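Fold and geometry: a report
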Amino acid sequence: AMGKPLVSKFVTEGLQASVGHVLLRALNGEHTPSFELPLVKDGEQKAVVLLNATTRRGPNHEVIGVICVGQDITQINAMAEEQQRIADDLARLIDSANAPIFGVDPKGMVSEWNRKAAELLGYPKEDAIGKDLITSFIEPENRSSVEEILQKALAGSETSNYALSLMSKVGKRYTVLLNATTRRDAKGHITGVVGVGQDITQLNQVMADSKRIADDLTRLIETANAPIFGIDIAGKVSEWNAKASSLLGFSKEETIGKHLVSNFITEEFKDSVQDVLAAALSGKDTANFEFPLFTKHGKRKEILLNATARRGPDGEVTGVIGVGQDITRIREITSEQQRNADDLARLIDTANAPIFGVDLEGMVTEWNRKAADMLGYTKDETIGKAFVQNFIQPEDKTSVEEVIQRAMTGCETANFTLPLVSKMMKCYTVLLNATTRRDAKGKITGVVGVGQDITELNQVMAESKRVADDLMRLIETANAPIFGIDVQGKVTEWNAKASSLLGFPKSETMGKSLVGNFITEEFKDSVRAVLREALMGRETANFEFPLFTKSGEKKVILLNATTRRGPEGEVTGVIGVGQDITEIREITGEHERIADDLSRLIETANAPIFGVDLNGMVTEWNRKAADMLGYTNEETMGKNLVQHFIQPENRDSVKRVLNRAMAGEEAANYELPLLSKSQ
């Protein structure tokens, strides 16, 4: 190198003019600034040197040359480029993430506001940056708690899974599950806070709706005017409502967890009841199965049962629910009367979202805690492995590969539904954004995916739909008249039994005022009062009132009016489950008439008539007995007949006659000496 021209020999052609100019100025004695000089060997850049060109002078201060002092900054430049690439990656990840992300500086002013935050809340980035996060975007009632979270993060104490209520620009409320993470500079100094959230608004709404339907179902089961029981797949009691308790005398605590057939069914019916329950457990429902149950005190009750399979969220049979009708009285009197019942119910590492990254070869380069927690594969088990080949199910590999390849060409994908299977073979559904990853020069280096676990949301929505479908089928197919009204008293439900009983098809009732169109004048006020109470949350059981059919026939209905509620607990109407007791009331009325006739006959008979109870105390003493013996009705009632009104010498024989009669052995033409009051 010695003696050779520096510029033409060792400086690349494109920089020769600028380097020559700097050296010329130094040879003229001028001060020159530092400049970067790429060093090339055999046409390849080997290093970058930061040079100072200084004039060299002789003993008489004449210029004799230039001396250059250099510093190798090749590695420094490479590190700076890598840092810029990482910063660009992070900025793209934040902006394109499928989760709302915001950042604040130490003063609480917004410094980050990604697309999802703008889309969710309606405030574009330019309207948010530089604004005070708490005073501008947080509701007054939540400001103190959010301030506390931010201050803790600014002190280095991070917060995970904080439920943050946010109000959008148009007044819509959102609930975000937030991780507040401390942000630091290269020296570890805290420069602010970044918050990564997950919008759980819809999940909360669906869960509330599911809970409302479940609560409706539970209330309907518990308050139904029919005995309802449920069993699990082992045949053990899992449901036992108030009507079952009052009818059979066994409390809920005495039945839950016990085997239904073994403990509450008599021997002669165990096999048939077991067959019905086994059929329901295999998915075959049974309607109108009649069998006897015995109460806690040994009294027989005839039950008409509908046994319906109970299913879980995936459609699997989880047990049987039986809705019964106590037909004992009808069977005792007429041996006729049927009643069916229904089944009712039939950022990166701390982000609260799974994040993964792949390089251009599809090998995993990122795998955060949430991905590890959710899928069971640790970071060490995934880094460097082919993402699609190792972690995607065969049937989904083609579509996932296509999404990744598109992202590698710069075509990003938002809200891609990705099925994933964990190490323990548990299935998850993730809503994924696939974002292109680039280096400092804009060259594509891979893909980063930010997901949202929507497995539970999908399951809750499926369960909510299943329960709602069960409820609709139960109402429509029930063997009891069921109707529903809205808060204005207009009909919203009118099942097949109500149609067949009253003669009004569903199409003629829906949207019409129940009281105004289907209740007679004399009962409108009382029925309206019951419905009004139920609309205020005060439910009514066993309310009896008449309904008239389309053809004018009177039907007597025993009604339970139950409050119906919306997803947030608000009253949306009333559902009424009825029982047609017309025949029972006709029979009861006839019995009362006969009893009244008998009472008048005894009292007015021209013969002395008296009656005693099982203890021998007087319970009947008619006018003729009073006239003949001189003792008034008030003087005899409740007194011992033999001790007070029979001569001592006849007491034993009279007592024997009475005892035989009490045992069912009646006596005719028994001569009984009696002692009057005057003797």
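Described below are features of the structure shown in this document. Keep in mind that this is a model prediction, so the values were computed, not measured.

Within this structure, the stated rule accounts for 18 salt bridges. Note that Arg25 and Glu30 form a salt bridge whose closest N and O atoms lie 3.0 Å from each other. Judged by relative accessible area, which is 27%, Arg25 ranks as partly exposed. Exposure remark for Glu30: the relative accessible area of 37% places this residue in the partly exposed category.

For the rest of this paragraph, the subject is helix H2 (residues 16-27). Each α-helix turn comprises 3.6 residues. Residues three or four places apart therefore point the same way. Over its 12 residues, H2 runs 16 Å from end to end, which matches the ideal 16 Å to within 8%, given 1.5 Å per residue. Among the residues of H2, those classed as buried are Val19, Val22, Leu23 and Ala26. With its buried residues spanning 95° around the axis, H2 presents them on a single face. With its phi angle positive at about 85°, Gly29 sits one or two positions after the end of H2.

What follows is about helix H7 (residues 143-154). If you check H7, its first and last C-alpha atoms are 16 Å apart, about what 12 residues at 1.5 Å a residue would give, namely 16 Å. When we look at burial in H7, the residues that qualify are Val146, Ile149, Leu150, Ala153 and Leu154. The buried residues of H7 occupy an angular sector of 135° when the element is viewed end-on, so they sit on one face. Seen from the open side of H7, the exposed residues pointing more than 90 degrees away from its buried face are Ser144 and Glu148. On the buried face of H7, the contacting elements are strand E4 (101-104), helix H6 (133-137), strand E6 (159-167), strand E7 (173-184) and strand E8 (190-199).

Another aspect to go through is the packing of aromatic side chains. Under the criterion given, the structure shown has 12 aromatic pairs. Measuring from centroid to centroid gives 5.0 Å for Tyr123 and Phe137, while their planes differ by 75°, and the two rings are edge-to-face. Residue Tyr123 is located in the loop between helix H4 (115-121) and helix H5 (125-128), and its partner Phe137 is located in helix H6; the two are separated by 14 residues in the primary sequence. Here Tyr123 matches Phe137 in class, with each residue buried. Aromatic ring contacts, followed pair by pair, group Phe356, Trp367, Tyr377, Phe387 and Phe391 into a single cluster.

What counts and what doesn't
Residues numbered from 1 in each chain as written. Predicted model: local features only at pLDDT ≥ 70, side-chain atom pairs only at ≥ 80, totals over all residues. Heavy atoms only, no water. Salt bridge = Lys/Arg side-chain N within 4 Å of Asp/Glu carboxyl O. Buried < 20%, exposed > 50% of the residue type's maximum accessible area, 1.4 Å probe, protein only. Helix = DSSP H or I, 4+ residues; strand = E, 2+ residues; numbered from the N terminus. Expected span 1.5 Å × (residues − 1). Arc of directions from axis to C-beta. Contact = heavy atoms within 4.5 Å. Phe/Tyr/Trp six-rings, centres within 6.5 Å; stacked < 30°, edge-to-face > 60°.

Such coordinate-based values are descriptive only and should not be taken to indicate function.
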